[in-house]
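Now for the letters of each chain:
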Amino acid sequence: MKADIRVCSVWETAHERPRYTLQDSCPDCGADTENSAPAPYNPEDRYGEYRRRVKRRERDA
């Protein structure tokens, strides 16, 4: 599934904060945009258990 919301591909250098849009190019600088969705969940993630453990420790602290 592809997200409709896109973000400027060069926002770190061209803008103060991320520029979100529905277009294929950034309305401010004209650079290409990319999908803003996070990476999909992978059940074979080798480090997922450790990340979840750290998250639980931070939450419980």
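The structure reproduced in this document is the subject of the present report. Model, not experiment: these values are computed from the prediction.

Calculation rules
- Residues numbered from 1 in each chain as written.
- Predicted model: local features only at pLDDT ≥ 70, side-chain atom pairs only at ≥ 80, totals over all residues.
- Heavy atoms only, no water.
- Helix = DSSP H or I, 4+ residues; strand = E, 2+ residues; numbered from the N terminus.
- Contact = heavy atoms within 4.5 Å.
- Disulfide = S-S within 2.5 Å.
- Buried < 20%, exposed > 50% of the residue type's maximum accessible area, 1.4 Å probe, protein only.
- Polar contact = N/O pair within 3.5 Å; in protein donor to acceptor, adjacent residues only side chain to side chain.
- Salt bridge = Lys/Arg side-chain N within 4 Å of Asp/Glu carboxyl O.

A closer look at the environment of Ile5
And then number 1: Structurally, Ile5 is set in the segment before β1 (6-8).
And then number 2: With sequence-adjacent residues up to four places away left out, Ile5 is seen in contact with Tyr20, Thr21, Leu22, Asn35 and Ser36.

A closer look at the state of the cysteines
And then number 1: Tallied over the entire structure, the rule returns zero disulfides.
And then number 2: Not engaged in a disulfide, the cysteine Cys8 finds its nearest cysteine sulfur in Cys29; these two sulfurs lie 3.7 Å apart.
And then number 3: Taking the relative accessible area as the measure of exposure, Cys8 reaches 0% and is therefore buried.
And then number 4: According to the relative accessible area criterion, Cys29 is partly exposed, its value standing at 38%.

Quick word on the side chain of Thr33
And then number 1: One can find Thr33 in strand β3 (residues 33-35).
And then number 2: A relative accessible area of 8% places Thr33 in the buried class.
And then number 3: Of note is the side chain of Thr33, whose polar atom sits 2.9 Å from the backbone oxygen of Gln23.

Let's talk about the pattern of salt bridges
And then number 1: For the structure shown, the criterion picks out five salt bridges.
And then number 2: Across the pair Asp24 and Arg6 runs a salt bridge whose closest N-O atoms are separated by 4.0 Å. Pair noted here: Asp24 is in the loop between β2 (20-21) and β3 and Arg6 is in strand β1, with a separation of 18 residues, a long-range link.
And then number 3: According to the relative accessible area criterion, Arg6 is buried, its value standing at 13%.
And then number 4: For Asp45, the salt bridge identified is with Arg51, shortest N-O distance 2.2 Å.
And then number 5: Looking at Asp45, the relative accessible area reads 31%, which means it is partly exposed.

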